[in-house]
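Letter by letter, the chains look like this.
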Amino acid sequence: FGGPFITEDMAPNLLIPYSQLCSGPSVFSFDYTGAFAGDPVCAVMGRVERGQLVTESLRDITEKLERTWIYSWPYGYAFRDLEIPPGEWQVTLFVSGRYRQQVGKAMPGMEGYAMDHCRRDVAELYFEHLGAVILDSLGSVNVRSVFCDSIELEGNNWTPSLLEEFAKRRGYQLQPYLPLLWNQGHGAADVRHDFYQTMSELTIENFFDPLTAWCEARGVQSRVQAHGTWGDILRAYGSAHIPEGETFGEGDVYEVNTVHRRLASSAAHVYDRPLVSNESFTWLRMPRFLVNLEMIKLAADAIFLDGMNHIINHGYSYSPEAAGEPGWVFYASSMISHTNTWWPFYADVSQYIHRVSAMLQRGRSVAEVGIYLPQHDIWAQNPMAELHMSMRLESHFGRDALTAVQKAGYWFDFLNDDALTKLGSSSTQGLLLHGNTYRTLLLIGVERVPESVAESLADFVRQGGTLIAVETIPHLGCGFRNSEAKARRVQELMQPLFSDEWGVWHSVGSGRTIRVADRDEGLLQALHQAQTPDCCVRSPQSTVGYVHRRDGEEEIFFLANVSRERAPVEAAFAAVPSGCVLLDPWTGTIFQPQAVTREGRTTTLRLTLPAGGSCFAVFTPVLGLPVPAGLPTRETAVTLPADWTLTLPSLGQPWNIGELRTWETLPESRYFCGQGTYTNHFTLASKKDGRYWLRFSAVHEAADVWINGIRAGAVIKRPYEVDITRCVREGRNEVEVRVVNLWFNRCLDPDLAEPTAKATYSEYWPHFTSIIDEWRATRLYTDLERDMIDELQPSGLAGEVTVVWEGSSSCE
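Structure report, in brief. (Residues numbered from 1 in each chain as written. Predicted model: local features only at pLDDT ≥ 70, side-chain atom pairs only at ≥ 80, totals over all residues. Heavy atoms only, no water.)

## Quick word on the overall build of the protein
The secondary structure content of the protein amounts to 17 helices and 42 strands. A compact globule built from 812 residues would reach a C-alpha radius of gyration of about 28 Å, and the protein, at 31 Å, matches this within 12%. Seen through its principal axes, the protein has C-alpha atoms that stretch 105 × 75 × 50 Å. Looking at the protein as a whole, 57% of its 812 residues qualify as buried. Carbon and sulfur atoms make up 50% of the accessible area of the protein, which amounts to about 33,300 Å² in all. Across the protein, the mean location of the 69 positive side-chain charges is 3 Å away from that of the 99 negative side-chain charges. (Helix = DSSP H or I, 4+ residues; strand = E, 2+ residues; numbered from the N terminus. Rg over C-alpha atoms; globule rule 2.2 N^0.38 Å. Buried < 20%, exposed > 50% of the residue type's maximum accessible area, 1.4 Å probe, protein only. Areas by Shrake-Rupley, 256 points an atom, 1.4 Å probe, with all protein chains shown as cover. Lys, Arg positive; Asp, Glu negative; His and termini not counted. Charge placed at Lys NZ, Arg CZ, Asp CG, Glu CD.)

## Brief notes about the sheet that holds strand β30 (residues 595-599)
In spatial order, the strands read β24-β27-β31-β30; together these four strands make up an open sheet with antiparallel pairing. The open sheet has two edge strands with one neighbour each: β24 (535-538) and β30. Averaged over all adjacent pairs, the angle separating strand axes in this sheet is 20°, with direction ignored. (Pairing = 2+ DSSP bridges. Axes fitted to C-alpha atoms, helices over the stretch in contact; angles between N-to-C directions.)

## Quick notes on the nonpolar core
If you look at soluble globular proteins, the nonpolar side chains tend to sit buried side by side. The biggest cluster of nonpolar side chains holds 178 residues, and the ones touching the most others in it are Phe 195, Phe 281, Ile 468, Phe 558 and Phe 573. Here this core gets twelve residues from one element, more than from any other, and that element is helix α3 (residues 188-218). In this structure, Phe 195 is in contact with Asn 157, Trp 158, Leu 162, Phe 166, Leu 174, Leu 181 and Met 384, ignoring residues within four places of it in sequence. Judged by nonpolar contacts, the second largest core, of 34 residues, contains Trp 663, Phe 672, Val 737 and Val 803. (Core = buried A, V, L, I, M, F, W, Y, C linked by side-chain atoms within 4.5 Å. Contact = heavy atoms within 4.5 Å.)

## Focus on the environment of Arg 738
Within the secondary structure, Arg 738 is located in strand β41 (residues 731-740). A C-alpha to C-alpha distance of 9.8 Å links Arg 738 and Leu 797, two positions 59 residues apart in sequence. In this structure Arg 738 touches Phe 345, Gln 675, Gly 676, Thr 677, Ala 702, Ala 703, Asp 704 and Trp 706, once residues within four positions along its chain are discounted. Separated by 2.5 Å, the side chains of Arg 738 and Glu 736 make a polar contact. (Polar contact = N/O pair within 3.5 Å; in protein donor to acceptor, adjacent residues only side chain to side chain.)

## Focus on the environment of His 269
By the secondary structure assignment, His 269 is in helix α5 (residues 258-270). Separated by 146 residues in the primary sequence, His 269 and Leu 415 place their C-alpha atoms 9.5 Å from one another. Polar contacts involving the side chain of His 269 include one to the side chain of Asp 413, which spans 2.9 Å.

## Looking at the packing of helix α12 (residues 451-462) against helix α13 (residues 483-494)
Packing of α12 against α13 brings their axes to within 9 Å, and their N-to-C directions diverge by 5°. On the basis of their axis angle, the class for α12 and α13 is roughly parallel. On α13, the residues that touch Glu 451, Ala 454, Glu 455, Leu 457 and Ala 458 of α12 are Lys 486, Arg 489, Val 490, Leu 493 and Met 494. Among the residues making up the contact of α12 with α13, the classes are represented as six nonpolar, no polar and four charged. (Parallel < 35°, antiparallel > 145°, perpendicular 65-115°, else oblique. Nonpolar A, V, L, I, M, F, W, Y, C, P; charged D, E, K, R; others polar.)

## So, α3
Across its 31 residues, α3 extends 44 Å between first and last C-alpha, which sits within 8% of the 45 Å expected from 1.5 Å per residue. In α3, a bend of some 35° at Ile 204 exceeds every other bend along the element. With 24 of 31 residues buried, α3 is to be regarded as a mostly interior element. (Expected span 1.5 Å × (residues − 1). Bend = angle between axes of the 7 residues up to and from the residue.)

## Side note on the pattern of salt bridges
This structure, assessed with the given rule, holds 46 salt bridges. Notably, a salt bridge pairs Glu 806 with Arg 634, separated by 2.8 Å at the nearest N-O pair. Of the two residues, Glu 806 is situated in strand β42 (residues 796-806) and Arg 634 in strand β33 (residues 634-639); the sequence distance between them amounts to 172 residues. Accessibility expressed as a relative area gives 0% for Glu 806, which makes it buried. Of the charged contacts, one joins Lys 688 and Glu 635 as a salt bridge, the two residues approaching to 3.2 Å between their closest N and O atoms. Of the two residues, Lys 688 sits in the loop between β36 (675-684) and β37 (691-700) while Glu 635 sits in strand β33, which places them 53 residues apart along the sequence. (Salt bridge = Lys/Arg side-chain N within 4 Å of Asp/Glu carboxyl O.)

Geometric values such as these leave the question of function open.
Next comes the structure, spelled out in structure tokens:
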């Protein structure tokens, strides 16, 4: 956020320390003239012992700093004859740097400074100078939301009002203690905590909250990606009407993504936001043009399993017809647009995403486990920097540890101070929050908590909750002032809750606690002893996850196999109504499990999720248990003969290729990208009751299947098969398969005509736009593809094609 209307004094600040060591007794003089570009903020000196600052010796010496002059022109600063007492001393001058962050990748005319997110006046100026102009032009009725992308500041660690606001909020002057933000010394961690907490409050109060208030006044919603901020991350996400996560990189795997997704969905649940969106498929594969629809479908499921219920495609790049093929492309997106070869097949994925999103927007999220965020520890542990809170949190927990908790059956939310002290309330069932009850809370590596949080945790346990502390129990307070008294109070509240022995359960009031030594087996064992998972998934594959929502009397579970292998699944659903229906969101149909049992209030279903398969299990008191379908019987009815023909625009007439092969292996079509048509036939001696499938060994990358002139359907993902029951007949059957490949091979064509590069100066000279031209080149040229991969990608069909008969319906 920024632009030409943001002046230098409104841009993000960077506080830089200039430190020198001195030995006393002596007199210290130093001329800083020309040593830095910026303005002095403060100067501090303090004694150094054994490599650490002595906190009690720190004192503000800003008044000792003198101006230097060239004639009558103020030119710099210097210390003159500063008295240094005996011992080793550090003299530090703190400077607010002059070089401020610029808007990245600005459109012509929008170059300028980025904005200081800690200042309300700057935020409101930005909203009016850019946001109001856009909404006035489009009309607010035509706009759903105003979007704030991820907070990508570079080194920002200061704001002009910090010293004043710090004293007001923390109750002491920061100036003498500024060196502790970079150096070690008694109380340094507490000072760092207070600094970051102040910056957090300023950012939320002066940017995130005003953005939503401005949107409400304009009749639109706010949609915010808060990752990148140093602040209370759930509070920042929760300030928006629609919190938004993000997925970039190879996100088509099943794991908990704390940095970009799980914090956003947790914020939606903590702050009662019905929609939580996700910027999806960014850099799903590098280089560009390697993304296929199977990857997108798997990535969407991984996103859903992290609690998101609204997919934002990244993305659709505008491209005029004159740009040709593949047209203009965005450097970071998956090219989900009409210029992509597989665009005609995207409707299948889009319908699937709509079905799943609609179901996951019903009712409320259910999570019986809450994980407290150690944000106070993160603030205290990190030296002065542009702190990326979500990255630090994921590093603190460890991605493997959190994924293991979820794969053990415990869908969880992250919780912050607000959830424990303001929004939630303890009861005999657990922590109640917006209709959800957290029965078990986890403290993973938490040392510091505010006294109010310690009081809430103690109340939670006494009323019946389960508290698991991993590696340590909280024993420190938060903040520099009265730190020892705060620590004593936290210890008074927390220590009586836990046994002195590791791994031993301790009863307190109606609840119980345990402390475990590790966040692996020890944590999982304690969780299993504490409570039964909502959904216990047993499968040879560790790639099947679930999401639980509750809508009135209905318990809704979404299960997804985020892998390219089939997954036999036995899923036990605890405390659910006896009635159940299984829905396949890919086909929009109901199916039956292979087996079903009911014991008490637990229903166990056995089914098979195909590669990349998913389903909804909806439990409701108005239905009965589903009728088991048993294991399906499958057998190969026919293998298509080696009598294939291939038609490509580059080949002209159909060409008999005999054995099935991909077309990049043919000299005439190595670099061809687009649609190729394979034709063949098979003979079915008799047509039995049941279903018939046409199964392919491999499809690169999407295919439309036609049998006897009737469209059977599309194949875009494993297991590369399509139901042809309604199309097939006894006797001879004609097969036509229309396949599209990826654009990538076209990028490697040595005869590819690239657009002519423009000069690095725009038509508005003397306005300089080399940065824009550099980014424009990334959407026009294919250097990235040629530099990273020089192997042609498979195109078309390969292996065998068979007709498979199935004797009974199944999840597949």
